[in-house]
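# Observations on the model geometry
Each chain, letter by letter, is given below.
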Amino acid sequence: LDRVAKASTLEELSSFDTINHFQLRVFSFIVRHIQDHPEIQKLGNFFNELDQDGNGTLSQDELFQGFCALMGEQRALMLAAKIFKSVDLDGSGEIDFTEFIVAAVDKSILLEHEMLDIAFKMIDKDGNGRLSEEEFREIVGNDFDVGDDMWRMLLHMLRESPTNEITIAQFREFMATVNAG
C-alpha cells in the first residue's frame, strides 16, 4: 500500500466499531477463506509491515511505531490506543491477522456475491445447496450466544423454511441485512 492507502486503512481502523458477535464470526470465517482477494492481500502486506517481530500478531507498540511513520507521535499514540481497544476483539492483548482484516477491509468486499458464494459453498458441508442450523453452528460455535439478535433472525429464517435450511439467495439477503444491522 502507498502512503495514502495506508492512511485510508488507518481511518477505517480508527472508525471501526465493535460489530455484532454473529457478524464478527461470519466475517472472520469469510476472511480466513478468501485471503487471495487483492484487497485482502494488500491489507495483509500492510499488517506484515506493522508486525515488526514477525509473530503474526500486532502489539499496541507495533501499531504505534507503524503509525509514527505516517503521522506525528502524539496522534499516533492516541490512534494506536483507540484502534487497539476496538480491534482486539478477542481480548488477547494483541491484534491477529483476521481481527486486523475484519476491521480494516471495506465490508462491501466481504458482501460481494462472489465472496458470499464462496462462503456459502464452504459452509454447505453436505453440498446440498442449502445451509442448515448445524452448518452455521460449525462457523459460529456451539457456545454462541443465542441471545444475539442476528443469530435469532437467522434461526427464525431457517425455521420458517419447510426444510429448516436456506438457499444461497436467502443467504445473500440475510448477509445484506446483517451488514445493515
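Here's a quick rundown of the structure. What you are looking at is a predicted structure, and each value in this text was computed from that prediction instead of being measured.

## Examining unusual backbone geometry
You will see that N164, though not glycine, has its phi angle at about 60 degrees, which is positive. Within the secondary structure, N164 sits in the loop between α10 (149-160) and β4 (165-166). Accessibility expressed as a relative area gives 43% for N164, which makes it partly exposed.

## Remarks on the side chain of T57
Note on placement: T57 falls in strand β1 (residues 57-58). Relative accessible area serves as the criterion here: at 15%, T57 is assigned to the buried category. At 3.1 Å, the side chain of T57 forms a polar contact with the side chain of E94. Discounting chain neighbours no more than four positions away, the residues touching T57 are F47, D51, E62, E94, I95 and D96.

## So, α10
Between its first and last C-alpha atoms α10 spans 17 Å; for 12 residues at 1.5 Å apiece the expected length is 16 Å, and the two agree. Residues of α10 that are buried: M150, W151, L154, L155, M157 and L158. Summarising the axial view, the buried residues of α10 lie within an arc of 160 degrees, below the 170-degree limit, and thus occupy one face. Across from the buried face of α10, at angles greater than 90 degrees, the exposed residues are R159 and E160.

## Examining the pattern of salt bridges
Under the definition given, this model contains four salt bridges. The partner of K6 in a salt bridge is E49, and the shortest N-O contact between them spans 2.6 Å. Within this pair, whereas K6 is found in helix α1 (residues 3-14), its partner E49 is found in helix α3 (residues 38-50), the two being separated by 43 residues in sequence. K6 gets classed as buried once you look at its relative accessible area, which sits at 14%. You can call E49 partly exposed: its relative accessible area is 46%. Members of the salt-bridge network, linked through shared partners, are E133, R137 and R159.

## Let's talk about the nonpolar core
Of all hydrophobic cores here, the largest spans 58 residues; its most connected members are F22, L63, F67, F100, F136 and F171. Among the elements that line this core, the one with the most residues is helix α2 (residues 21-33), at seven residues. If sequence neighbours within four positions are ignored, F100 has contacts with T9, L13, L43, F46, F47, L50, L58, V87 and I95.

So, how was this worked out
- Per chain, the residues get numbers from 1 upward, laid out in the order the sequence is written.
- Whole-chain, interface and lining totals are the exception, using all residues; otherwise, since this is a predicted model, local features are given only for residues with pLDDT of at least 70 and side-chain atom pairs are given and counted only at 80 or more.
- By convention in this description, side-chain values take in all heavy atoms of the structure and omit both hydrogens and water.
- Helical segments are the DSSP runs of H or I of at least four residues, strand segments are the runs of E of at least two, and each set is numbered from the N terminus.
- Working definition: with a 1.4 Å probe on protein chains only, accessible area under 20% of the residue-type maximum means buried, over 50% means exposed, and in between means partly exposed.
- In protein, a polar contact means a hydrogen-donor-capable atom and an acceptor-capable atom, both N or O and within 3.5 Å, with residues adjacent in sequence counting only if both atoms are side-chain atoms; elsewhere, any N or O pair within 3.5 Å suffices.
- Residues are treated as being in contact if the distance between any of their heavy atoms lies within 4.5 Å.
- The length a helix should cover is 1.5 Å for every residue beyond the first.
- Arc definition: directions from the helix axis to the C-beta atoms.
- Any carboxyl oxygen of Asp or Glu that lies within 4 Å of a side-chain nitrogen of Lys or Arg is treated as forming a salt bridge with it.
- In these notes, a set of buried Ala, Val, Leu, Ile, Met, Phe, Trp, Tyr and Cys residues joined through side-chain atoms within 4.5 Å is what counts as a nonpolar core.

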